[in-house]
Amino acid sequence: MTGYAAIVLAGGAARRMGGADKPDLLVGGRPMRDRVLDAVADAAARVLVGPPRPVPEDVRSTRESPPGGGPVAAVAAGLALLPPGTTVVAVLAGDLPLLTRPAIGALRERLAEPGVDGACYVDDEGRRQTLCGVWRVPVLRAAVDRLAAARGGSVDGASLRALLDGLAVHEVHWSGDGPPPWFDCDTDEDVRRAEEWTR
């Protein structure tokens, strides 16, 4: 599994942080979204989904429809920009400042196992971190289509849980060096913790 793509979800309002644009917040002197994009720098294609913002030349950007339509709408928008023939995609939140290339590699290794539709990390309490995972593109596209059909043609406001329902997901516990790659920043305290880990 040498080639894969990445979709980074960088939309949504950080209500617990006063409406701040979370992916733009700095951790270790760099925007969190840039740190996520760095973790997938070896991807054959990278797509950033969210409000318009400057992106590296080799990163495509788009917006979910409707704007603010939620993570499933963002995944659908990202899938639409993947090159033909893409078989594997990492779907990542834009506020994962501790994500690393080895952490993505570990997920891709698990996805290579037979009968697996996707692989994502789980935290210490067993909760799936579905926005820190890798997925088979045909399966994910089919899941979006099924969910849209069940909802009258739209995935606006649909949940990730509904999207992934019925998929064979390999749950991965982080056993590598360093902090958990799935750590996301929902509060100012989370950002401070991430800063401490990057020192």
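Everything numeric here is computed off the predicted structure, so don't read it as measured data. (Residues numbered from 1 in each chain as written. Predicted model: local features only at pLDDT ≥ 70, side-chain atom pairs only at ≥ 80, totals over all residues. Heavy atoms only, no water.)

Draft legend 1. Representation of helix H4 (residues 137-150). Its 14 residues give H4 an end-to-end C-alpha distance of 20 Å, which sits within 8% of 20 Å, the value for a rise of 1.5 Å per residue. By the burial criterion, the buried members of H4 are Val137, Leu140, Ala143, Val144, Leu147 and Ala148. Down the axis, H4 shows its buried residues gathered within 130° of arc, on one side only. Along H4, exposed side chains directed more than 90 degrees from the buried face belong to Pro138, Asp145, Ala149 and Ala150. The inward-facing, buried residues of H4 abut helix H2 (71-80), strand S6 (88-93), strand S8 (128-136) and helix H5 (160-164). Just downstream of H4 lies Gly152, where phi reads positive at about 80°. (Helix = DSSP H or I, 4+ residues; strand = E, 2+ residues; numbered from the N terminus. Expected span 1.5 Å × (residues − 1). Buried < 20%, exposed > 50% of the residue type's maximum accessible area, 1.4 Å probe, protein only. Arc of directions from axis to C-beta. Contact = heavy atoms within 4.5 Å.)

Draft legend 2. Highlighting the sheet that holds S8. Sheet architecture is open: seven strands sit in the order S5-S4-S1-S6-S8-S7-S9, paired in mixed fashion. Lying at the two open borders of the sheet, with one neighbouring strand each, are strand S5 (59-62) and strand S9 (169-173). Direction aside, the axes of adjacent strands within the sheet are offset by 25° on average. As defined by bridge partners, S6 adjoins S8 across five bridges and the pair is classed as antiparallel. Looking across to S8, one finds that Val91 is bridged to Gly133. Running at roughly 135° to strand S7 (residues 118-122), helix H3 (residues 101-111) makes contact with S6, S7, S8 and S9 of the sheet. Sheet strands touched by H4: S6 and S8. Its angle to S8, the strand with the most contacts, is close to 115°. (Pairing = 2+ DSSP bridges. Axes fitted to C-alpha atoms, helices over the stretch in contact; angles between N-to-C directions.)

Draft legend 3. The arrangement of unusual backbone geometry in detail. Residue Ser65 is joined to Pro66 through a cis peptide bond whose omega torsion reads 0°. Its location among the elements puts Pro66 in the loop between S5 and H2.

Draft legend 4. Quick look at the packing of H2 against H4. Relative orientation of the contacting elements H2 and H4 amounts to 130°, with a least axis distance of 11 Å. As far as their axial angle goes, H4 and H2 are oblique. Pair H2 / H4 crosses with left-handed handedness. Across the interface between the two elements, Val72, Val75, Ala76, Leu79 and Ala80 of H2 pack against Val137, Leu140, Arg141, Val144 and Leu147 of H4. Class assignment for the residues of the contact of H2 with H4 results in nine nonpolar, no polar and one charged. (Parallel < 35°, antiparallel > 145°, perpendicular 65-115°, else oblique. Left-handed = near helix turned anticlockwise from the far one by under 90°. Nonpolar A, V, L, I, M, F, W, Y, C, P; charged D, E, K, R; others polar.)

Draft legend 5. Geometry of the pairing of strand S4 (residues 45-49). Among the five residues of S4, five are classified as buried, and the element is accordingly described as predominantly covered. One ladder, built from five bridges, connects strand S1 (residues 5-9) with S4; its direction is parallel. Its bridge partner being in S4, Val8 is matched across the sheet by Leu48. Bridging between S4 and S5 involves four bridges; their strand directions are parallel. Within S5, the position partnered with Val49 by the bridge is Thr62.

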